[in-house]
Every structure is written in structure tokens, then in C-alpha cells.
Amino acid sequence: MKVLLLNGGPHEKGCTYTALSAIAETLRENGVDSEIFWIGNQPVGGCIGCGACRGKGKCVFGGVVNEVIEKAAGADAFVFGSPVHYASMTGNMTSLMDRLAYAGGANLCYKPAAIVASARRAGTTATLDQLSKYVQFFHMPMVTASYWPMVHGSTPDDVRQDLEGMEVMRQLGRNMAWLLHCIEAGKSAGIVHPENPPRPMTNFIR
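Position numbers for residues count from 1 along each chain, tracking the sequence in the order it is written. Totals for whole chains, interfaces and linings use all residues, but because this is a predicted model, local features are given only for residues with pLDDT of at least 70 and pairs of side-chain atoms are given and counted only at 80 or more. To get the side-chain values, take all heavy atoms of the structure and skip hydrogens and water.

A. Structural detail: the sheet that holds strand 3 (residues 77-83). Strands pair, by our definition, only if DSSP identifies at least two bridges between them. Note on conventions: DSSP H or I runs of at least 4 residues are helices, E runs of at least 2 residues are strands, and numbering of each starts at the N terminus. In spatial order, the strands read 2-1-3-4-5; together these five strands make up an open sheet with parallel pairing. If you trace the sheet from one side to the other, it starts and ends with strand 2 (33-38) and strand 5 (150-152), each paired once. Across the sheet, the mean angle separating the axes of adjacent strands is 15° when strand polarity is ignored. Inspection of the sheet shows strand 1 (residues 2-7) paired to strand 2 by six bridges, in the parallel sense. Across the sheet, L6 pairs through a bridge with F37, a residue of strand 2. Whenever a helix is involved, its axis is fitted only over the stretch in contact; in every case the axis is a line through C-alpha atoms, and angles between N-to-C directions fall within 0 to 180 degrees.

In C-alpha cells:
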């Protein structure tokens, strides 16, 4: 079992990484492998809705998005993490998640996911709300803890001093590992996820 943790921050070893590292370490302690993948600080263009990815399983514009899509195919679960930029996730993370979902959503379906936000002070709940939309779109069980999954601080050292936030990260790791072990046990017993038919696409033009 392997969890892919996406670090959407502009700093490879910054505050978001610090939070994700606590989750990764807890996963390891509970018998689950993980990888923290930094999406980088080079501009990631947004989805233009061209539809050229349809049926291909990759974005025609390539780059880090296709790298994540490939890694997602081999992952059993995900943690999507981003710092707060103006009460939302980073522009790069927004662009990546849009293109990942549109071109590689099949690699996300029915796999558990957790979300994480880091901030100096505020904007975390808005960022978490934005991240949660992708999880809800692909039948992904949401892994939660005992509080909103956020940490606070301007530096990694600050974040490590956020004792409550860091414990919530460790709770996420434990709960993620527990759910993955439950899913494995279910598969061994012949229980698999449902095969839901495509939903009808409607609009509000009559």
C-alpha cells in the first residue's frame, strides 16, 4: 500500500512539507509506504478545457501534471496539501488539481484521500473547502481526524510548535493507515467498490 502526498507549496521543504512529513512518518509507523511529491515552483498552466485529453489519460500539455497522473496510477490513497495564498490554495496547486482531475481522474477514483492546509494565520477553511471539491468528484472516501486538517506558522519551526495541528496530522496518518488496511481486508473477503454508472449530464437550459 502506498500513499501519494502532494506538496503544493512553493517551497520544497516549507510549512506544508512539514505537515505532510508528520503524516508520512505516521503512515510508516503503521505499515504503509508513502511518497511526498513536490509539484515545484515553476508556473503550471491552468486547464483550457480543450478536451484533447479525453480517452488518453494524460494532459496534452505534459509537464508535472502528467508526472503526477502517472504516480497517481500506482497510489492507493492521497493527501493533497497546500499553503494558503489569499484565502485559497496556491495558483500552481489549483492548476495542477484541475488538470489532474480532468485528464487523470480515473487514477483517483475510489481511493481514500485527505486534505491539508497550512497558513500563517487565516484562510485555511476556504482552502480546505477548495481542496475537498476534487475529493468529492471521484468517489474518494475522505479521511478525517478530530479537527480541521490545518497547521499554522510562518516557518517549519513555527509549524512544529503548533502541537495541536501536528497531532491532527498524525491522526490523519493513523486513520488513513487504518482505512487502507480495512480496504485490503475487504478485498481479501471479496468485497470491492461499487461500479456506479455514469451520471446523466444535465444543464439548466430548457
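B. Spatial organisation of helix 1 (residues 15-29). Helices are assigned an expected span. That span is 1.5 Å times one less than the residue count. Taking 1.5 Å of rise per residue, the 15 residues of helix 1 would be expected to cover 21 Å, and the 22 Å separating its terminal C-alpha atoms lies within 8% of that figure. For every residue, the accessible area obtained with a 1.4 Å probe (protein chains only) is divided by the maximum for its type, and the residue is called buried under 20%, exposed over 50%, and partly exposed between those limits. Turning to helix 1, its buried residues are C15, T16, T18, A19, L20, A22, I23, A24, T26 and L27.

C. Inspection of the pattern of salt bridges at higher detail. Criterion for a salt bridge: a side-chain nitrogen of Lys or Arg within 4 Å of a carboxyl oxygen of Asp or Glu. All chains considered together, the criterion is met by eight salt bridges. We note a salt bridge from E167 to R174, for which the minimum N-O separation is 3.0 Å. Notably, a salt bridge pairs K187 with E184, separated by 3.9 Å at the nearest N-O pair. Linking K187 with E184, this pair stays in helix 6 (residues 163-188), spanning three residues, or about one helical turn. Since its relative accessible area comes to 34%, E184 is described here as partly exposed.

D. Spatial organisation of helix 2 (residues 64-73). Burial in helix 2 covers these residues: V64, V65, N66, V68, I69 and A72. Close packing links the buried residues of helix 2 with strand 1, strand 2, strand 3 and helix 3 (91-104). In this analysis, two residues are considered to be in contact whenever any of their non-hydrogen atoms come within 4.5 Å of each other.

E. Representation of the packing of aromatic side chains. Two rings from Phe, Tyr or Trp (for Trp, the six-membered ring) form a pair when their centres sit within 6.5 Å of each other. Planes less than 30 degrees apart are called stacked, planes more than 60 degrees apart edge-to-face, and all others tilted. As enumerated under the stated definition, the model contains three aromatic pairs in all. Measuring from centroid to centroid gives 4.9 Å for Y147 and W148, while their planes differ by 70°, and the two rings are edge-to-face.

F. The arrangement of the packing of helix 2 against helix 3 in detail. At a closest axis distance of 10 Å, the pairing of helix 2 and helix 3 adopts a crossing angle of 55°. In terms of their interaxial angle, helix 2 and helix 3 are classed as oblique. Here the hand of the crossing between helix 2 and helix 3 comes out right-handed. Residues V64, V65, V68 and I69 of helix 2 lie in contact with helix 3, whose contacting residues are L96, R99, L100, A103 and G104. Here the angle decides the label: under 35 degrees means roughly parallel, over 145 means roughly antiparallel, 65 to 115 means roughly perpendicular, and every other value means oblique. By convention the crossing between two helices is left-handed if the near helix lies anticlockwise of the far one by an angle smaller than a right angle, and right-handed if it lies clockwise.

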